[in-house]
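Close look at the chain arrangement
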Amino acid sequence: QVQLVESGGGLVQTGGSLRLSCVASGYIFSIQSMDWYRQAPENQRELVARSFPGGDTEYADSVKGRFTISRDNAKNTVYLQMNNLKPEDTGAYYCNVFETGTDKYYWGQGTQVTVSS
């Protein structure tokens, strides 16, 4: 099993910045994709950003140019730098990884981001 622990959420004003972190631990043979999702109240969970082992990244259109995903493979850690935050970025942010040894996806417990207008 793989455990994921997110941190870095909080309350910030519009235009502010936050940096989220997610550390994976436990049985880890190889982690492929490391993603960030978010879920606002009464909305479905949506993909915010994805990072691949080779360095490629993908972003939701709504965050392009404002958010940056990065990872430290040696530390099994993924980050999400969020700049110019908007109220619509408010939600619970979840880390999701795919571990090839167990051939499973894992979720973190989530960290809350609240952007005040």
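Presented here is a report on the structure given in the accompanying data block.

**Description of the sheet that holds strand β8 (residues 77-82)**
Reading across from one edge, β1-β3-β8-β7 is the order of the four strands in this open sheet, with antiparallel pairing throughout. The strands lining the two open edges of the sheet, one partner per strand, are β1 (2-7) and β7 (67-72). The mean inter-strand angle of the sheet, taken between neighbouring strand axes irrespective of direction, is 15 degrees. Examined bridge by bridge, β1 and strand β3 (residues 18-26) share six bridges and lie antiparallel to one another. The residue bridging Gln3 from the neighbouring strand is Ser25, located in β3.

**A closer look at the side chain of Asp35**
Residue placement: Asp35 occurs in strand β4 (residues 31-39). Looking at Asp35, the relative accessible area reads 0%, which means it is buried. Side chain to side chain, Asp35 and Arg50 meet in a polar contact 2.9 Å long. When residues no more than four places from it in sequence are discounted, the contact partners of Asp35 are Leu47, Ala49, Arg50, Ser51, Tyr94, Cys95 and Asn96.

**Brief notes about the nonpolar core**
Core analysis: the largest hydrophobic core is formed by 26 residues, its most contacted members being Leu4, Trp36, Phe67, Leu80, Met82 and Tyr93. Of all the secondary-structure elements, those providing two or more residues to this core are β1, β3, β4, β5 (46-51), β7, β8, β9 (91-99) and β11 (111-116). The leading source of residues in this core is β3, at four residues.

**A look at unusual backbone geometry**
In this structure, Glu42 is a non-glycine residue whose phi angle is positive, near 65 degrees. Looking at the secondary structure, you find Glu42 in the loop between β4 and β5. You can call Glu42 exposed: its relative accessible area is 85%.

**A few points about the pairing of strand β10 (residues 104-107)**
Pairing of β9 with β10 involves four bridges; the strand directions are antiparallel. Among the inter-strand pairings, Glu99 is bridged to a residue of β10, identified as Lys104. A loop of four residues connects β9 with β10, the two strands running antiparallel in sequence, and Asp103 in this loop sits at a positive phi of about 55 degrees.

**Observations concerning the pattern of salt bridges**
The full count for this structure, using the stated rule, is five salt bridges. One salt bridge connects Asp35 with Arg50, and the closest N-O pair in it is separated by 2.9 Å. Of this pair, Asp35 sits in strand β4 while Arg50 is found in strand β5, placing the two residues 15 residues apart along the sequence. The shortest N-O distance in the salt bridge between Glu46 and Arg38 comes to 2.7 Å. A residue is classified by how much of its surface remains accessible, and Arg38, at 6% relative accessible area, is buried.

Quick notes on the rules
Residues numbered from 1 in each chain as written. Predicted model: local features only at pLDDT ≥ 70, side-chain atom pairs only at ≥ 80, totals over all residues. Heavy atoms only, no water. Pairing = 2+ DSSP bridges. Helix = DSSP H or I, 4+ residues; strand = E, 2+ residues; numbered from the N terminus. Axes fitted to C-alpha atoms, helices over the stretch in contact; angles between N-to-C directions. Buried < 20%, exposed > 50% of the residue type's maximum accessible area, 1.4 Å probe, protein only. Polar contact = N/O pair within 3.5 Å; in protein donor to acceptor, adjacent residues only side chain to side chain. Contact = heavy atoms within 4.5 Å. Core = buried A, V, L, I, M, F, W, Y, C linked by side-chain atoms within 4.5 Å. Salt bridge = Lys/Arg side-chain N within 4 Å of Asp/Glu carboxyl O.

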